[in-house]
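One-letter residues, chain by chain:
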Amino acid sequence: MRTDSRLSRMLHALIHMDRHDGALTSEHLAQMLSTNAVVVRRTMAGLRDQGLVRSEKGHGGGWALSRGLSEITLLDIYRALGDPRLFAIGLADDAPSCLVEQAVNAAVADTLSAAEALVIARFGEVTLADIARDFDARFAVVMKGREA
């Protein structure tokens, strides 16, 4: 089963956008993410609709952040992507009248619901600034290692 990496990819792109002086084109972002510029434009449009990015027209135009990294949470990006499914695990529906299947589905649904609530809550606590700080720390370690 293929995983949905849109959240991770957009977080990656947004941090690069923050570090770049000026807007980044869809083509530039697409090359960086190894995807098609149309996919980038479609995804960025959803982020724009949520007020997270803006598009700039003309020479030097492209996509830029509308807010600072500390004002954007993982939950904001997750919601802008349309609340993609978090888990690949699903409920059985082969025999809806089977009492065993009903009991299993109830237990699995309750567990998945609780787990999803935890993930969503944590997404609301983590900002892009938190991720950028982690990147900065990792980068500093790499650079220090190169100096030695």
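A brief structural summary. (Residues numbered from 1 in each chain as written. Predicted model: local features only at pLDDT ≥ 70, side-chain atom pairs only at ≥ 80, totals over all residues. Heavy atoms only, no water.)

### Focus: a nonpolar patch on the surface
Residues Phe135, Phe139, Val142 and Met143 make up a contiguous nonpolar surface patch of roughly 340 Å² in combined accessible area. In this fold, Met143 is placed in helix H6 (residues 128-147). Relative accessible area serves as the criterion here: at 31%, Met143 is assigned to the partly exposed category. (Patch = residues over 30% accessible without salt bridge, like charges linked within 9 Å, V, L, I, M, F, W, Y side chains within 5 Å. Areas by Shrake-Rupley, 256 points an atom, 1.4 Å probe, with all protein chains shown as cover. Salt bridge = Lys/Arg side-chain N within 4 Å of Asp/Glu carboxyl O. Helix = DSSP H or I, 4+ residues; strand = E, 2+ residues; numbered from the N terminus. Buried < 20%, exposed > 50% of the residue type's maximum accessible area, 1.4 Å probe, protein only.)

### Here we look at the packing of helix H1 (residues 6-19) against H6
For the pair H1 and H6, interaxial distance at closest approach is 10 Å and the crossing angle is 75°. Taken as axis vectors, H1 and H6 run roughly perpendicular relative to one another. Taken together, the residues of H6 that come into contact with H1 (itself represented by Leu11, Leu14, Ile15 and Arg19) are Leu128, Ile131, Ala132, Phe135 and Asp136. Residues belonging to the contact of H1 with H6 are distributed by class as follows: 7 nonpolar, no polar and 2 charged. (Axes fitted to C-alpha atoms, helices over the stretch in contact; angles between N-to-C directions. Parallel < 35°, antiparallel > 145°, perpendicular 65-115°, else oblique. Contact = heavy atoms within 4.5 Å. Nonpolar A, V, L, I, M, F, W, Y, C, P; charged D, E, K, R; others polar.)

### Brief notes about unusual backbone geometry
Even without being a glycine, Ser34 presents a positive backbone phi close to 55°. By the secondary structure assignment, Ser34 is in the loop between helix H2 (26-33) and helix H3 (37-49). A relative accessible area of 66% places Ser34 in the exposed class. Even without a glycine there, the phi angle at Asp83 is positive, about 55°. With respect to the element layout, Asp83 can be found in the loop between helix H4 (74-80) and helix H5 (99-125).

### Points about the packing of H1 against H2
The geometry of H1 relative to H2 is characterised by a closest axis approach of 11 Å and an angle of 125° between their N-to-C directions. Taken together, the axis directions place H1 and H2 in an arrangement best described as oblique. For H1 against H2, the interelement crossing comes out right-handed. Where H1 approaches H2, its residues Arg9, Met10, His12, Ala13, His16 and Met17 are matched on the opposing element by Leu29, Met32 and Leu33. For the contact of H1 with H2, the per-class residue count stands at 6 nonpolar, 2 polar and 1 charged. (Left-handed = near helix turned anticlockwise from the far one by under 90°.)

### Structural notes on the nonpolar core
Counting residues in each nonpolar core, the largest one holds 33 residues, and the members touching the most others are Met17, Met44, Leu47 and Ile77. Elements represented by at least two residues in this core include exactly H1, H2, H3, strand S2 (62-65), H4, H5 and H6. If one sorts the elements of this core by residue count, H1 sits on top with 7 residues. Not counting chain neighbours up to four residues away, the residues in contact with Ile77 comprise Leu7, Met10, Leu11, Leu14, Leu47, Leu52, Ile72 and Leu128. (Core = buried A, V, L, I, M, F, W, Y, C linked by side-chain atoms within 4.5 Å.)

### Focus: H2
One full turn of an α-helix is made of 3.6 residues, so residues set three or four places apart face in the same direction. Listed as buried for H2 are Ser26, Leu29, Ala30 and Leu33. All buried residues of H2 lie within an arc of 100° about the axis, which places them on one face of the element. Summarising the contacts, the buried residues of H2 are in contact with H1, H3 and S2. (Arc of directions from axis to C-beta.)

### Quick look at H5
Across its 27 residues, H5 extends 39 Å between first and last C-alpha, which sits within 8% of the 39 Å expected from 1.5 Å per residue. Listed in full, the buried residues belonging to H5 are Glu101, Asn105, Ile120 and Phe123. Buried positions along H5 lie against H1 and H4. (Expected span 1.5 Å × (residues − 1).)

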